[in-house]
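# A structural walkthrough
Below, each chain spelled out in residue letters.
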Amino acid sequence: MVADPKRPEGAGRMERPEQGLGEPDSHPRANGCSLTGCGALRNGYVRGLPETEIHHIAHNGGLYKRPFNEAFEETPMLVAVLTYVGYGVLTLFGYLRDFLRQWKIEKCNHASEREEQKDFVPLYQDFENFYTRNLYMRIRDSWNRPICSVPGAKVDMMERLSHDYNWTFTYTGRVIKDVINMGSYNYLGFAQNTGICKEAAAKVLTQYGAGVCSTRQEMGNLDKHEELEKLVARFLGVEAAMTYGMGFSTNSMNIPALVGKGCLILSDELNHASLVLGARLSGATIRIFKHNNMQSLEKLLRDAIVHGQPRTRRPWKKILILVEGIYSMEGSIVRLPEVIALKKKYKSYLYLDEAHSIGALGLTGRGVVEYFGLNPEDVDVMMGTFTKSFGAAGGYIGGKKELIDYLRTHSHSAVYATSLSPPVMEQILTSMKCIMGEDGTTFGKECVQQLAENTRYFRRRLKEMGFIIYGNEDSPVVPLMLYMPAKIGAFGREMLKRNIGVVVVGFPATPIIESRARFCVSAAHTKEILDIVLKELDEVADLLQLKYSRHRLVPLLDRPFDETTYEETED
């Protein structure tokens, strides 16, 4: 139990390190994978093979019960150079415009200090502010687009215009109908205004009202909360669970309750901002390991056991590993079997954030633990949200009963935050029972299967078309690399012209030269919808020169769209 303030038995002893996690061999290893070739490595991929082919070693010392295929094709050198040049030009023009603003030649619209504060330390002026006013404002129309419908497979979007270079927007009153939605986290299609979820939520709204107006410890603990927590625990296969009103605060407020000063947090470098904030608020020492890189994680674990705390060399009170199930910007899946093996080997604790993976992975939608065929008891803290696959709001923590009892009295989210709204709880209850088949139908299971088919089909077609896409082949989060700053806004605008809504992502959410478009595949998408998106995407890609990949995937057999195999060939 993570809440135990004592250090786990054996945490201070250093065992003789084994070679990786599998059987010893004489070949170099990538994240614990045995390699038969040579070359540089990234995220378990073998570089240096003939031409541009990239192969993945699927099985890792017997830990994996299924193939584990991910792709992170390296940025072509010319594209990287042109991306840097593009940002350099924008930066130079940014300094020129700041000069013009300083001399009142150009109107200054951004936040700045008042005249009487000119001798103060600047409150707003930093690099992010420079980036915001000189780069972000050029493409600000690509974000915060207001929709006025259910975030289903298609949405209605309010049209807006800007007459001052995106500093302000004016709404025209026109609604753009039936925009194909490729950006919402509606993985299983439960975010809808028809069907059993809507009817159940409407009925509960009539009985309980919209809000609770109190915390769980006071007058905000309803019978629906108790029912939901029992169902979540049963769904996850754990002893107990606790629900929260906001997914972000589930991480940011619970991590400080579990660890503190004298504890060590080992965090993946691409963890979500909520995990990062929770780690910082805890007061624990934080060390970062390379994304999904088990060699990096094991080195930090070994050093932590050997050296202990800085200066005093005392053993760490607790060591907590923070990982996500699906990483929302990379589309990659955590190497959970290896993480659990390392956690057991070095007697540490594991905190798993399944915000994007719960409902979206696994044969019955039970997340990354089921996806790898693992035991839920091997994960000390199972966190997830209801905002994505369940089409609702809030989050949960699952684990041992002692852990949940501890959090009920020590978690700020539990003690001070207003509890979940009754209609939201009913949406979660109904959708979760549907996934589990307890509604007497197979609809939930069919949604999970449909999402898996859509994901594989969409990813395979994008690869065949020549795009560089990141992530695991089973991940419904599909990042398509744009790289150059000018293409961020151009891509979003061109897709919207074709009635397709997409999410484009740039700095600071991604590294400054790894801008991308992020597609979220849903079970609500039909094959016809995906084909329309792919057709328009192919046209936009030719217009903006987005097909950066140096190898293509060519179908080997004429099979149904969810069963096609392929090989890699040169352009």
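It should be noted that the structure appears before, not after, this text.
The model shown is predicted, which means the values in this text are computed figures rather than measured ones.

Let us now look at the overall build of the chain. Looking only at helices and strands, the chain features 15 helices and 22 strands. The 571 residues of the chain split such that 53% are buried. Look at the contacts in the chain between residues 6 or more apart in sequence, and 68% of them connect residues 24 or more apart.

As a further point, take the sheet that holds strand β15 (residues 395–399). With respect to topology, seven strands assemble into an open sheet ordered β9-β15-β14-β13-β12-β10-β11, the strand pairing being mixed. Of all the strands in the sheet, the pair left with one neighbour each is β9 (240–244) and β11 (285–289). For this sheet, the mean inter-axis angle between neighbouring strands, taken without regard to orientation, is 20°. Where β9 lies against β15, five bridges are found, and the strand directions are antiparallel. Each bridged residue has a counterpart across the sheet, and for A241 the counterpart in β15 is G398. Relative to the sheet, helix α6 (residues 273–282) contacts β10 (264–268), β11, β12 (319–324) and β13 (349–353), its axis offset from that of β12 by approximately 165°. Taken strand by strand, helix α8 (residues 336–345) contacts β12 and β13, and its axis lies near 155° from that of β13.

So, on to the side chain of S296. As for its position among the elements, S296 is in helix α7 (residues 294–307). Judged by its relative accessible area of 17%, S296 falls in the buried class. In terms of polar contacts, S296 uses its side chain to reach the backbone amide nitrogen of K290, at 3.1 Å.

So, on to the sheet that holds strand β18 (residues 500–501). Spatially, three strands are ordered β7-β8-β18 in an open sheet, and the strand pairing comes out mixed. With one partner strand each, in any of the chains shown, β7 (154–161) and β18 form the two edges of the open sheet. With two bridges joining them, strand β8 (residues 170–181) and β18 adopt parallel strand pairing. From the neighbouring strand, I180 faces β18, where its bridge partner is I500.

Non-glycine residue K104 carries a positive phi angle of around 65°. Relative to the elements of secondary structure, K104 occurs in the loop between α1 (77–102) and α2 (127–134). Positive phi values are uncommon outside glycine, yet N144 reaches one of about 60°. In this fold, N144 is placed in the loop between α2 and β7.

Right, let's talk about the pairing of β13 for a bit. In terms of residue burial, β13 counts as a mostly covered element, since five of its five residues are buried. Burial along β13 is two-sided: the face carrying Y349, Y351 and D353 and the face carrying L350 and L352 are both buried. Across five bridges, the pairing between β12 and β13 is parallel. Across the sheet, E324 pairs through a bridge with D353, a residue of β13. Handedness of the β-α-β unit built from β12, α8 and β13 comes out right-handed.

Moving on, we get to a nonpolar patch on the surface. On the surface, M77, V81, V85, V89, F93, L96, F99, W103 and I105 cluster together into a nonpolar patch covering about 960 Å² of accessible area. With respect to the element layout, M77 can be found in helix α1. By relative accessible area, M77 is classed as exposed at 63%.

We now examine the packing of aromatic side chains. Evaluated as defined, the whole model comprises 17 aromatic pairs. Taking 5.6 Å as the distance between ring centres and 70° as the angle between the ring planes, the aromatic pair formed by Y64 and F372 counts as edge-to-face. With Y64 in the loop between β5 (55–56) and β6 (70–71) and F372 in the loop between α9 (368–371) and β14 (381–385), this residue pair connects regions lying 308 residues apart in the sequence. Pair check on accessibility: Y64 and F372 agree, each one buried.

Attention shifts here to helix α14 (residues 485–497). Three- or four-residue spacings in an α-helix give side chains the same orientation, since the helix completes a turn every 3.6 residues. Taken as a whole, α14 has its buried residues at P485, K487, I488, G489, F491, G492, E494, M495 and L496. Taken from the residues just after α14, N499 is the one with a positive phi, measuring 65°.

Attention shifts here to the nonpolar core. Membership of the largest hydrophobic core comes to 108 residues, with the highest contact counts inside it found for F458, F491 and F519. For this core, the element with the highest residue contribution is helix α15 (residues 527–544), accounting for eight residues. If you count residues domain by domain, this core takes at least three from each of domain 1 (68–181 + 442–549) and domain 2 (196–436). With near-sequence residues (within four places) excluded, F458 lies in contact with M182, V478, F519, V521, L530, V533 and L534. Formed by 23 residues, the second largest nonpolar core is a distinct cluster that contains I255, A257, I397 and I404.

We now examine helix α12 (residues 422–436). Look at α12: 21 Å from first C-alpha to last across 15 residues, which is about the 21 Å you get at 1.5 Å a residue. For α12, a buried count of 13 out of 15 residues is recorded, marking the element as mostly surrounded by other parts of the structure. Just beyond α12, the residue with positive phi is G437, at close to 80°.

Turning our eyes to something else, we now look at the pattern of salt bridges. Applying the stated criterion to the full structure yields 36 salt bridges. Its salt-bridge partner being E426, residue K224 comes within 2.8 Å of it at the nearest N-O pair. Of this pair, K224 sits in helix α4 (residues 223–236) while E426 sits in helix α12, and the two are 202 residues apart along the sequence. On the basis of relative accessible area, K224 is assigned to the buried category, the value being 14%. With a closest N to O distance of 3.2 Å, K433 and E227 form a salt bridge. Highlighted residues: K433 in helix α12 and E227 in helix α4, separated in sequence by 206 residues.

Of all five residues that make up β10, five are buried, and the element is covered over most of its length. Taking every second residue as pointing to the same face, both faces of β10 are buried, with L264, L266 and D268 on one and I265 and S267 on the other. Direction of pairing for β10 relative to β11: parallel, over a ladder of five bridges. Pairing of L266 across the sheet is with R287, part of β11. Handedness of the crossover joining β10 and β11 through α6: right-handed. The pairing of β10 with β12 spans four bridges and is classified as parallel. Residue pairing across strands places S267 opposite L322, the latter belonging to β12.

Reading guide: rules and limits
- Residues numbered from 1 in each chain as written.
- Predicted model: local features only at pLDDT ≥ 70, side-chain atom pairs only at ≥ 80, totals over all residues.
- Heavy atoms only, no water.
- Helix = DSSP H or I, 4+ residues; strand = E, 2+ residues; numbered from the N terminus.
- Buried < 20%, exposed > 50% of the residue type's maximum accessible area, 1.4 Å probe, protein only.
- Contact = heavy atoms within 4.5 Å.
- Pairing = 2+ DSSP bridges.
- Axes fitted to C-alpha atoms, helices over the stretch in contact; angles between N-to-C directions.
- Polar contact = N/O pair within 3.5 Å; in protein donor to acceptor, adjacent residues only side chain to side chain.
- Right-handed = clockwise from strand over helix to strand, strands pointing away.
- Patch = residues over 30% accessible without salt bridge, like charges linked within 9 Å, V, L, I, M, F, W, Y side chains within 5 Å.
- Areas by Shrake-Rupley, 256 points an atom, 1.4 Å probe, with all protein chains shown as cover.
- Salt bridge = Lys/Arg side-chain N within 4 Å of Asp/Glu carboxyl O.
- Phe/Tyr/Trp six-rings, centres within 6.5 Å; stacked < 30°, edge-to-face > 60°.
- Core = buried A, V, L, I, M, F, W, Y, C linked by side-chain atoms within 4.5 Å.
- Domains from an automatic or database assignment.
- Expected span 1.5 Å × (residues − 1).

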